Amino acid sequence: MPCYTVQTASVELNNVDHATLAKAMEKIGYTVLRQGKNFTFRKGGVSGSYQNNRLNMQATGGARMNTDAIKVAVSEQIIADKAAEYAEAGWEHTMDGDEHVFTKTAGYGAVFA
């Protein structure tokens, strides 16, 4: 693809919280500037914005948009947020291979025999 080409993508995201998406993008190296429920982002030749549940991206100078990496990062961020929420309620989060395991720890109303 010639270096003067600009790729664009626009995705409707009705089921993703804006804060979760912003944190996920920061974890994979995007610089995110938040403005309420909206934000702009940049990483190398890829930039864009999120507003009104729509993610708009553009890539210039031969840069490549990696939407798959964003999807994975969002999934991981959702799990991390839930793990933190469950930890406050007395659950422990561990990994068993690729599986996430949540166990209720003693002392939080659970009875173990």
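Residues numbered from 1 in each chain as written. Predicted model: local features only at pLDDT ≥ 70, side-chain atom pairs only at ≥ 80, totals over all residues. Heavy atoms only, no water.

Draft legend 1. Local environment of the environment of N15. With respect to the helices and strands, N15 occurs in the loop between β1 (7-12) and α1 (18-27). Measuring from C-alpha to C-alpha, the distance between N15 and V74 comes to 11 Å, with 59 residues separating the pair along the chain. (Helix = DSSP H or I, 4+ residues; strand = E, 2+ residues; numbered from the N terminus.)

Draft legend 2. Representation of α1. What α1 keeps buried is the set T20, L21, A22, A24 and M25. Note on α1: the residue one or two positions beyond its end, G29, has a positive phi of about 100°. (Buried < 20%, exposed > 50% of the residue type's maximum accessible area, 1.4 Å probe, protein only.)

Draft legend 3. Region of the structure containing the side chain of S47. Within the fold, S47 resides in strand β4 (residues 46-51). Using a relative accessible area of 12% as the deciding quantity, one classes S47 as buried. What S47 contacts, discounting residues up to four positions off in sequence, is F41, R42, N56, M57 and Q58. (Contact = heavy atoms within 4.5 Å.)

Draft legend 4. Broad picture of the nonpolar core. If you look at the biggest cluster of nonpolar residues, it comprises 19 residues, and the most contacted ones within it are L21, M25, Y30, F39, F41, L55 and M57. Looking at this core, the elements that each hand over two or more residues are α1, β3 (38-43), β4, β5 (54-59) and α2 (67-88). Looking at this core element by element, the count peaks at four residues for α1. Each residue touching F39, except ones within four places of it in the same chain, is listed here: H18, L21, A22, M25, V32, L33, R34, G48, S49 and Y50. (Core = buried A, V, L, I, M, F, W, Y, C linked by side-chain atoms within 4.5 Å.)

Draft legend 5. View of the pairing of strand β7 (residues 99-104). Taken together, the six bridges between strand β6 (residues 91-96) and β7 define a ladder with antiparallel strand orientation. Across the sheet, the residue bridging to D96 is E99, located in β7. Linkage of β6 to β7, two consecutive antiparallel strands, is achieved through a turn of two residues, within which G97 is found at a positive phi near 70°. (Pairing = 2+ DSSP bridges.)

Draft legend 6. Geometry of the pattern of salt bridges. Enumeration over the complete set of coordinates arrives at five salt bridges. Across the salt bridge formed by D81 and K23, the nearest N and O atoms sit 3.1 Å from each other. With a gap of 58 residues between them, D81 in helix α2 and K23 in helix α1 connect regions that are remote in the sequence. Residue classification places K23 among the partly exposed residues on the basis of a relative accessible area of 31%. One salt bridge connects R34 with E26, and the closest N-O pair in it is separated by 2.9 Å. (Salt bridge = Lys/Arg side-chain N within 4 Å of Asp/Glu carboxyl O.)

Draft legend 7. Region of the structure containing α2. Compared with the 32 Å implied by 1.5 Å per residue over 22 residues, the 32 Å span of α2 between its first and last C-alpha is a close match. When α2 is considered as a whole, its buried residues turn out to be I70, A73, V74, Q77 and A83. The inward-facing, buried residues of α2 contact α1, β5, β6 and β7. (Expected span 1.5 Å × (residues − 1).)

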